[in-house]
Amino acid sequence: MTIGLIVINVFAFLLSFSALQKASPELAETRLHIRLLAAMHPELTLPPEAQQLVDDIQKHEPSAWTIAKDPHRDLQDGWDARIRLMDDPEALQQEMDTLAARYKEFRSSSALESYAFVPAHPTWYSYLTANFLHGGWLHIIGNMWFLWLAGIVLEDAWGRGLYVAVYLLAGAFALQVHAWCNPGSHVATLGASGAVAALMGAFLVRFPRVRIRMVWFWGILRAARFSAAAYWLLPLWFAMELFSGVLFGTSSGVAHMAHVGGFVFGALAALAIRHSGLEHAINQAIEKEIDPNNDAELDAIHDLICRSQLDEAQSRMQACMEANSASERALMIQQELHWRRNDVPAYTNTTQQLCAFHLGVRATELALKDYADLVQFGGALPPETWLKLCQALEQQGEHERALGEYQELAAAHPAERPALMALMAGARVAMNHVQRPQQALNLYQAAADSAIPHLDLDPNIELGLKHARAALAAAPVPAI
């Protein structure tokens, strides 16, 4: 469903982009001219649509109306300069009639007015359609990227139906919050940002300890990479949106309060879904669908955990693990049980097993999440599992991180065979992928000096030392 939502958004964007780009400035210009002409000549007669526009401006934007009435204000455009020179009442009335007719035509034919969300006159269907329209390429790329990041995880946790329902309801609620904060506004609002913000709020509640990898760009071709847990990164984003919404409103062109409303809706929805038992019921239904023969004993143990009967759950879990080989589901239920019992050593031990399981089935991203969770609680992987994790990182092309993990493994377990293999692999990465021959030479030399027996590896070590020294010799000497 996440992929489906992205496809719908992109399709709607491609269909509507040119029309929105054309209609938006024309409609904004017509509104401006009606406001200026009505303010300068209040004696003119306005048709109903134009009169409603002027009434809304007077009620909800008094400062803009005061500026429009000021005869000494700055000129807005060529039309404004021409109108100031007109003093014929009939010509002025004809100009107002023309503007009002154009405004009525734009409202009836413009996709922006028809399908975007306008707080002054919202339609019931705009609460849905506005969430699938976007104003530009950066707008839709940003929204779809975050929809993908948060959506695929929540869809897996909640199931398709509940996930889509929360997404659509959150988008409608976010638009309503925007309307409450900007009553009477005629500026159209569009984009999936409110619904996506709701997924971010739900992600925070549902997966607070998951680490999010970020890249921060500044200057020209400069970037910094870091990772942070969701429990502080997402609240920081929320605080920035709330601050911007309160301080700037919509003057920045961004509906910040829609983001705030969506985020709060998503967080509350996730809390309600978790504590109502709905998520557990959905997960059971999903597991029965994909595995009709799933272990009923594990279902019973999970029910005990949900009812906080932890001692009985622990007793039955131990018997279950002794009688059967550990499956992914059994390990995840055992992990949740240890978490609820606040048994950190047992929790980290199960997390080690789960990480090894995920590496064995090539679920690298899940293994990395397990590893991040383990490190957060002060645990560490056994050297054999750690080496497999480093190799998985290298296979994914994350060479810098793989190199760092190889070095940490070698330093943490200097007397273990996996540490020697880590030195060799780290040297290879430094030489072939990140082009650091000096670092490669140091690692190969550390492998050669290792007390771990390595007669079988000596030819490879000697060859690596030779290549690293040759690369250093060929490197240009920096000028002083």
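Refer to the structure presented above.
All of these numbers come straight from a predicted model, not from anything done at the bench. (Residues numbered from 1 in each chain as written. Predicted model: local features only at pLDDT ≥ 70, side-chain atom pairs only at ≥ 80, totals over all residues. Heavy atoms only, no water.)

S.K.: Help me understand unusual backbone geometry in this model?
M.R.: Residues apart from glycine generally show negative phi values, whereas peptide bonds are mostly found in trans. Phi is positive for Asn342, which is not a glycine, with a value near 60 degrees. Following the sequence through the fold, Asn342 ends up in the loop between helix 16 (328-340) and helix 17 (344-360). If you check the backbone angles, Gln435 has positive phi at about 50 degrees while not being a glycine. With respect to the secondary-structure elements, Gln435 resides in the loop between helix 21 (417-432) and helix 22 (437-449). (Helix = DSSP H or I, 4+ residues; strand = E, 2+ residues; numbered from the N terminus.)

S.K.: Explain the environment of Phe357 to me, please; I cannot follow it from the model alone.
M.R.: Of note, Phe357 is situated in helix 17. Of the residues examined, Phe357 reaches a relative accessible area of 27% and is grouped as partly exposed. For the pair Phe357 and Gln318, spaced 39 residues apart in sequence, the C-alpha separation works out to 19 Å. With sequence-adjacent residues up to four places away left out, Phe357 is seen in contact with Glu328 and Leu331. (Buried < 20%, exposed > 50% of the residue type's maximum accessible area, 1.4 Å probe, protein only. Contact = heavy atoms within 4.5 Å.)

S.K.: It is not clear to me how the packing of helix 20 (residues 399-412) against helix 21 should be interpreted in this structure. Could you clarify?
M.R.: Any two packed helices are characterised by how steeply their axes cross, that is the angle between the axes, and by the distance between the axes. Contact geometry for helix 20 and helix 21: axes closest at 8 Å, N-to-C directions at 150 degrees. Here helix 20 lies roughly antiparallel to helix 21, going by the angle between them. Here the hand of the crossing between helix 20 and helix 21 comes out left-handed. Facing His399, Leu403, Tyr406, Leu409 and Ala410 of helix 20, the residues of helix 21 in contact are Pro418, Ala419, Ala422, Leu423, Ala425, Gly426, Arg428, Val429 and Ala430. For the contact of helix 20 with helix 21, a count of residues per class yields 11 nonpolar, two polar and one charged. (Axes fitted to C-alpha atoms, helices over the stretch in contact; angles between N-to-C directions. Parallel < 35°, antiparallel > 145°, perpendicular 65-115°, else oblique. Left-handed = near helix turned anticlockwise from the far one by under 90°. Nonpolar A, V, L, I, M, F, W, Y, C, P; charged D, E, K, R; others polar.)

S.K.: I'm lost on the packing of helix 11 (residues 230-248) against helix 12 (residues 256-275) in this one. Help?
M.R.: Axis separation between helix 11 and helix 12 bottoms out at 8 Å; the angle between their running directions is 140 degrees. As the angle between them shows, helix 11 and helix 12 are arranged oblique. Our pair here, helix 11 against helix 12, has a crossing hand that is left-handed. Where helix 11 approaches helix 12, its residues Leu234, Trp237, Phe238, Glu241, Leu242, Ser244, Gly245 and Val246 are matched on the opposing element by His256, Met257, His259, Val260, Phe263 and Val264. Its residues assigned to classes, the contact of helix 11 with helix 12 comprises nine nonpolar, four polar and one charged.

S.K.: For this particular structure, what's the right way to read the pattern of salt bridges?
M.R.: It is possible for side chains bearing opposite charge to pair when their charged atoms get close. Taken as a whole and judged by the stated rule, the model has nine salt bridges. Note that Arg341 and Asp311 form a salt bridge whose closest N and O atoms lie 3.0 Å from each other. One end of the pair, Arg341, is in the loop between helix 16 and helix 17; the other, Asp311, is in helix 15 (residues 310-323), and 30 residues separate them in sequence. A cluster of three or more residues bridged by salt bridges with shared partners is formed by Arg73, Asp80 and Arg84. (Salt bridge = Lys/Arg side-chain N within 4 Å of Asp/Glu carboxyl O.)

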